[in-house]
Amino acid sequence: MKTVVVLLTRDLRVHDHPALAASCANAERVVPLFVADPALAVPDNRRRFLLESLHDLRDGLRRRGGDLLVRAGDPVAEAVRTAREVGAEGIALTADVSAYAARRQERLARACARERLALKLFPGVTIVPAGEVTPSTGGDHYKVFTPYWRAWQARRWRGTVATPRKIHLPDGVTGDDPRTVLGDPKSESPSPMTGGEGEALRRVKAWQTKAAAYADRHDDLPGDATSRLSPYLHFGCLSPLALATTDGMPEAYLRQLCWRDFYHQLLAAFPKLGTQAFRPGAQEQWQDDPVALQAWQAGETGVPIVDAGMKQLAAEGWMHNRARLVTASYLTKSLGLDWRDGAAWYNRLLIDADVANNYGNWQWVAGTGTDTKPYRRFNPDRQAARFDPDGEYVRRWT
């Protein structure tokens, strides 16, 4: 092909980007395009991170001779319109698994067929694409993590692709300042992480020096010994495959990346993961207590470890994974409140909240998801004694 439009979604990077790399290798001219869909509500914390990530991506594309087009509207209509304007013969897209993404892909396929445009889908959101690992006993997805983990480890992964050295735009095509579309949103949280591929790669390099201790320290609340890379994985500023194959990544950390893939294959098979109980026969008899919910949201439950986690979430748009388990368990198992309300609050504030991980984890904790012990609960006092024995984490955030 002479010209290809690369429709960017949750793949805001230039390294290990199969759709971009293939387009640059097989077309004379490549037009990177991001479309902000007004129908897809993006809370302020993620909107700010998105803006920073788009600016960083535009810089990366410009260093290679390209640029970034930024539009607002229906991504299918805008992608087809852009293809017509630049004389493109095809559109490249990184496949995704949410119900929204699936509808977008289906509509784009129909629109491309009408317009006689080629459409090519590529991997890149996960390490192993959803549907590529299935149970030998039948079924289209794994419902329990441990057998998926074994199959995932045995699966031969694709190789990472090289970053394009040169990107050629069609004559007369110029990029856009992302602020012209997204504005200049302010984060709801006062101390969020900075978005962008450059920041992601810097953090990976720093993480390499600490990763060996992950298995022993990842639950240490005051130690803050996790990678904090989840926001960059969510927006695709960081390739999960490139991260997994980075030197020094221990098995305990790969297991966490596998959990991410596990929930994506779960969401692909069960698109209503964010609204309906996954486990057949799950008993849902939730209390209706707005006052208790508001106290939990504000970090004013009176339970120190729970309140500390919620205050960290409000301040940073991120929360330590152990604190996520404790606060979610307290809402559902102690207060008896609906996991959907907790997930909605996380969705509002978390920079890394995607449908698969956020709702998959909430259902796991609530006992409506994939946990083989749905009665499991995380006693906050015992959790604090074990993972914050000196109260340092609590003092830091309350």
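Residues numbered from 1 in each chain as written. Predicted model: local features only at pLDDT ≥ 70, side-chain atom pairs only at ≥ 80, totals over all residues. Heavy atoms only, no water.

Helix and strand content of the protein: 18 helices and five strands. By the compact-globule yardstick of 21 Å for 398 residues, the protein fits well, its C-alpha radius of gyration being 21 Å. In terms of its C-alpha atoms, the protein occupies a principal-axis envelope of roughly 65 × 45 × 40 Å. Looking at the protein as a whole, 56% of its 398 residues qualify as buried. Of the contacts formed within the protein by residues at least 6 apart in sequence, a portion of 81% connects residues at least 24 apart. Here the protein has roughly 17500 Å² of accessible surface; of this, 48% comes from carbon and sulfur atoms. Taken as two groups, the 53 positive and 47 negative side-chain charges of the protein have centres that lie 4 Å from each other. (Helix = DSSP H or I, 4+ residues; strand = E, 2+ residues; numbered from the N terminus. Rg over C-alpha atoms; globule rule 2.2 N^0.38 Å. Buried < 20%, exposed > 50% of the residue type's maximum accessible area, 1.4 Å probe, protein only. Contact = heavy atoms within 4.5 Å. Areas by Shrake-Rupley, 256 points an atom, 1.4 Å probe, with all protein chains shown as cover. Lys, Arg positive; Asp, Glu negative; His and termini not counted. Charge placed at Lys NZ, Arg CZ, Asp CG, Glu CD.)

The positions UniProt marks with the feature "domain: Photolyase/cryptochrome alpha/beta" (unreviewed entry) are residues 2–127. With 45% helix and 22% strand, the stretch residues 2–127 has end C-alpha atoms that lie 30 Å from each other. (UniProt positions renumbered as here; feature names shortened; annotations may be inferred.)

Another aspect to go through is helix 3 (residues 75–86). The end-to-end C-alpha distance of helix 3 is 16 Å, a good match for the 16 Å that 12 residues give at a rise of 1.5 Å each. If you check which residues of helix 3 are buried, you get P75, V76, E78, A79, V80, T82, A83 and V86. Following helix 3 by one or two positions, G87 has its phi on the positive side, about 70°. (Expected span 1.5 Å × (residues − 1).)

Within the largest apolar cluster, 101 residues are counted, with the highest numbers of intra-cluster contacts made by L243, W296 and I305. With nine residues, the single largest contributor to this core is helix 11 (residues 251–269). Beyond its immediate chain neighbours, meaning those up to four positions away, L243 contacts V204, L229, L233, L238, M249, Y253 and L257. (Core = buried A, V, L, I, M, F, W, Y, C linked by side-chain atoms within 4.5 Å.)

What follows deals with the pattern of salt bridges. Scanning the model with the defined rule gives 28 salt bridges in all. Put simply, R48 and D184 hold a salt bridge, and the shortest N to O gap is 2.4 Å. Here R48 is found in helix 2 (residues 44–62), whereas its partner D184 is found in the loop between helix 6 (179–182) and helix 7 (197–208), with 136 residues between them in sequence. Each member of the salt-bridge network shares a partner with another, and the members are R48, E52, R179, D184 and K186. (Salt bridge = Lys/Arg side-chain N within 4 Å of Asp/Glu carboxyl O.)

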